[in-house]
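# Chain and residue survey
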Amino acid sequence: MWPGAAPGGPFGTKPLWSWSRTGATERDIDRCCQVFPRRFDIEETFRMLKQTFGWTRPRLRDY
């Protein structure tokens, strides 16, 4: 697996090694590499929306 936009440096791109002890096939690993960025995008979108709406600010409560 070769990273798409990894920094190359003076010797070109370096290989990204993945391994698993779960018996995952190459297709399973490729699927995980596709799903992770999508999951990250969704989580960051919700985080941004929560900050925009002010849902992350602490609330003062009267006891």
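Structure: above.
We now turn to the structure provided with this report.

When helices and strands are tallied, the protein chain shows one helix and zero strands. A burial count over the protein chain gives 2% of its 63 residues as buried. Accessible area for the protein chain stands at about 6700 Å²; split by element, carbon and sulfur atoms hold 59% of it.

For helix α1 (residues 26-53), with 28 residues, the first-to-last C-alpha span of 42 Å sits near the 40 Å given by 1.5 Å per residue. Phi for Gly54, located one or two positions after α1, is positive at around 80°.

A few words now on the pattern of salt bridges. Tallying each qualifying case throughout the model produces two salt bridges. Two residues, Arg47 and Glu44, come together in a salt bridge whose shortest N-O distance is 2.9 Å. Of this pair, Arg47 and Glu44 both sit in helix α1, three residues apart, which is roughly one turn of that helix. For Arg47, a relative accessible area of 42% puts it in the partly exposed group. Accessibility expressed as a relative area gives 29% for Glu44, which makes it partly exposed.

The next point concerns the environment of Lys50. Structurally, Lys50 is set in helix α1. When sequence neighbours within four positions are dropped, the list of residues in contact with Lys50 reads Trp55 and Thr56.

Attention now moves to a nonpolar patch on the surface. Where nonpolar side chains cluster on the molecular surface, the patch consists of Ile42, Phe46, Met48, Leu49, Phe53 and Trp55 and spans about 670 Å² of accessible area. Turning to its location among the elements, Trp55 is positioned in the segment after α1. On the accessibility criterion, Trp55 (54% relative accessible area) is exposed.

The rules we used
- Residues numbered from 1 in each chain as written.
- Predicted model: local features only at pLDDT ≥ 70, side-chain atom pairs only at ≥ 80, totals over all residues.
- Heavy atoms only, no water.
- Helix = DSSP H or I, 4+ residues; strand = E, 2+ residues; numbered from the N terminus.
- Buried < 20%, exposed > 50% of the residue type's maximum accessible area, 1.4 Å probe, protein only.
- Areas by Shrake-Rupley, 256 points an atom, 1.4 Å probe, with all protein chains shown as cover.
- Expected span 1.5 Å × (residues − 1).
- Salt bridge = Lys/Arg side-chain N within 4 Å of Asp/Glu carboxyl O.
- Contact = heavy atoms within 4.5 Å.
- Patch = residues over 30% accessible without salt bridge, like charges linked within 9 Å, V, L, I, M, F, W, Y side chains within 5 Å.

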